[in-house]
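Analysis of the macromolecular model
Letter by letter, the chains look like this.
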Amino acid sequence: GGASPPRIWILGMKPDWQRYLNQLVFLLLAGLFFIGAGAISLANRPAEDSESSGLPFLSQALPAANPTADSVEIVARADISQVPILTDRAVSPKLNPIMNLGQKPEHALVTYEVQRGDTPNRIAEKFNIKSETLLGGNPELSQESSLLQAGYVLTILPVDGVLHEVALGDTLEGIANQYGIPVEDIIAYEPNKLEFPYRLYKGTQILVPGAVRELFVWTPPKLPARQRGQVVGTGTFTRAVNSGCVTQFYWAGHPGLDIALAEGSPVYAMDTGTVSYASWAAGGYYDYGNLIVIDHGNGYETFYAHLSGINVYPGQVVRQGALIGASGNTGRSSGPHIHIEIRLNNFRDDPTFYTAAPRVC
């Protein structure tokens, strides 16, 4: 009759449409593979005109001032698909590596050679500054003011203050605190050339107007209580030496009296008291050299420095006018002399208030 014969499926065989579909997928995959390989090859190949331009062909696009649809140049090459190249010409400032560097200080300093007969006060008056300012420009005098002799060259500051040398780690606030001067005063001094952000440079010098350099004060070891005598001085003072001439009086940078005389000249106790120190100046402070200190039991102490000989010992009671040692040139000394101090409750007072000074050299 009219019935179709039954289809017989052989095991392992697929219908015709499924086999055709598999072949089509295979062909598509193979085509994509060859297209991708060709694109990679083209991307790695330099442009034909690279020898003349020295640049890859992709950089040949003309830049546009304002990238828009009209300013995009389409680079069409036979060997590559269309690639749009955009160049942005927006204003962008270049970095300036020195834009934040500050100016360095510029000070109008002068020098002065000390003349015979000069005193700190007379020198200060010549330049309309205070005597303390001599220390501000000459820090070495704060350790040994006997350097202020004829022939010594001083640095003179234009105004009262201290010339501070900037060290590693210094800050403007730290310098202001060190000298007790407002930061604003340091900034306002024009030669310091300080502008925000107020940078400091190691090795440069900042002038701190109105400041006073602190003097170093050495305090000798105290005599143990068991060795202290009950002797009290008279409260009056005689001269420590019988000869010599004054080379330096008391002033802000030299709280004592320097008397030049021959080495080995006798030195006498200025008042009755107990010897509290009789030796080379202790520790690393050698400026005094051989030193005798007498505690007079009433708040006063007398110092006798740069000695060549010591004739007393700590704890010994001495009477006013007793021979205690010999003048010399030990420690930080510019020549044979004796340095005398009178301290009242650790304050170094002017010896000429208490005893007559010899003639001026």
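What this report covers is the structure whose coordinates are included nearby. This one's a predicted model, so the numbers in the text were calculated from it and none came from an experiment. (Residues numbered from 1 in each chain as written. Predicted model: local features only at pLDDT ≥ 70, side-chain atom pairs only at ≥ 80, totals over all residues. Heavy atoms only, no water.)

A few words on unusual backbone geometry. Cis geometry is adopted by the peptide bond preceding Pro 197, which originates at Phe 196 and carries an omega value of 10°. Here Pro 197 lies in the loop between α6 (183-188) and β6 (205-209). A positive phi is found at His 306, a non-glycine position, where the angle reads about 70°. Owing to a relative accessible area of 2%, His 306 belongs among the buried residues under this scheme. A positive phi angle is found at Asn 345, which is not glycine, with a value near 50°. Looking at the secondary structure, you find Asn 345 in the loop between β15 (337-344) and β16 (347-349). (Helix = DSSP H or I, 4+ residues; strand = E, 2+ residues; numbered from the N terminus. Buried < 20%, exposed > 50% of the residue type's maximum accessible area, 1.4 Å probe, protein only.)

A complete count under the given rule lists four salt bridges for this structure. As a salt-bridge pair, Asp 118 and Lys 126 come within 3.6 Å of each other at their nearest N and O atoms. A cluster of three or more residues bridged by salt bridges with shared partners is formed by Glu 341, Arg 343 and Arg 348. (Salt bridge = Lys/Arg side-chain N within 4 Å of Asp/Glu carboxyl O.)

Turning next to the side chain of His 337. Looking at the secondary structure, you find His 337 in strand β15. Polar contacts involving the side chain of His 337 include one to the side chain of Ser 333, which spans 3.2 Å. Within polar-contact distance, the side chain of His 337 engages the backbone oxygen of Gly 335 at 2.8 Å. When residues no more than four places from it in sequence are discounted, the contact partners of His 337 are Asp 258, Ile 259, Ala 260, Leu 261, Ala 305, His 306 and Gly 328. (Polar contact = N/O pair within 3.5 Å; in protein donor to acceptor, adjacent residues only side chain to side chain. Contact = heavy atoms within 4.5 Å.)

A contiguous nonpolar patch, built from Leu 21, Leu 24, Val 25, Leu 28, Leu 29, Leu 32 and Ile 35 and spanning about 700 Å² of accessible area, is present on the exposed surface. Along the chain, Leu 28 falls in helix α1 (residues 16-43). (Patch = residues over 30% accessible without salt bridge, like charges linked within 9 Å, V, L, I, M, F, W, Y side chains within 5 Å. Areas by Shrake-Rupley, 256 points an atom, 1.4 Å probe, with all protein chains shown as cover.)

The periodicity of an α-helix, 3.6 residues per turn, causes residues three or four places apart in sequence to face the same way. Within helix α5 (residues 172-179), the full set of buried residues consists of Leu 172, Ile 175, Ala 176 and Tyr 179. Angular distribution of buried residues about the axis of α5 spans 100°; they occupy a single face of the element. Away from the buried face of α5 by more than 90 degrees, exposed residues Asn 177 and Gln 178 are located. Residues of α5 that are buried in the fold lie against β5 (161-165), α6 and β6. A positive phi of about 65° marks Gly 180, the residue just after α5. (Arc of directions from axis to C-beta.)

Attention now moves to the pairing of strand β10 (residues 273-280). Burial within β10 is extensive, with six of its eight residues counted as buried. Bridge analysis of β10 against strand β13 (residues 317-318) gives two bridges, and the strand direction is antiparallel. Looking at the pairing, Thr 274 lines up with Val 317 of β13. With six bridges connecting them, β10 and strand β11 (residues 290-295) associate as antiparallel partners. Note on β11: the bridge partner recorded for Thr 274 is Asp 295. (Pairing = 2+ DSSP bridges.)

This part takes up the pairing of strand β8 (residues 257-260). Across three bridges, strand β7 (residues 245-248) lies against β8 in antiparallel orientation. When the bridges of β8 are listed, Cys 245 appears paired with Ala 260. Note that β8 and β15 share four bridges and pair antiparallel. Paired with Ile 259 across the bridge in β15 is Ile 338.

Let us look at the environment of Glu 113. With respect to the element layout, Glu 113 can be found in strand β3 (residues 110-113). Remark: the alpha-carbon pair of Glu 113 and Gly 151, spanning 38 residues in sequence, is separated by 5.6 Å. Filtering out sequence-adjacent residues up to four positions away, Glu 113 remains in contact with Asp 118, Gly 151, Tyr 152 and Val 153.

As a further point, take the environment of Val 232. Counting through the fold element by element, Val 232 comes out in the loop between β6 and β7. Between the C-alpha atom of Val 232 and that of Thr 272, which follows or precedes it by 40 residues, the distance is 6.9 Å. Leave out the neighbours within four places in its chain, and Val 232 touches His 296, Gly 297 and Asn 298.

Both the distance between ring centres and the angle between the ring planes are used here to describe each pair of aromatic rings. Tallied over the entire structure, the rule returns eight aromatic pairs. Summarising the aromatic geometry, the rings of Phe 196 and Tyr 198 are spaced 5.8 Å apart at their centres and angled 90° between planes, so their arrangement reads as edge-to-face. For Tyr 198, a relative accessible area of 33% translates into the label partly exposed. Chaining the aromatic ring pairs together yields one cluster made of Trp 218, Tyr 277, Tyr 288 and Phe 303. A cation over a ring is seen here: Arg 343 above Phe 303, with NZ or CZ 4.1 Å from the ring centre. (Phe/Tyr/Trp six-rings, centres within 6.5 Å; stacked < 30°, edge-to-face > 60°. Lys NZ or Arg CZ within 6 Å of the ring centre and 35° of its normal.)

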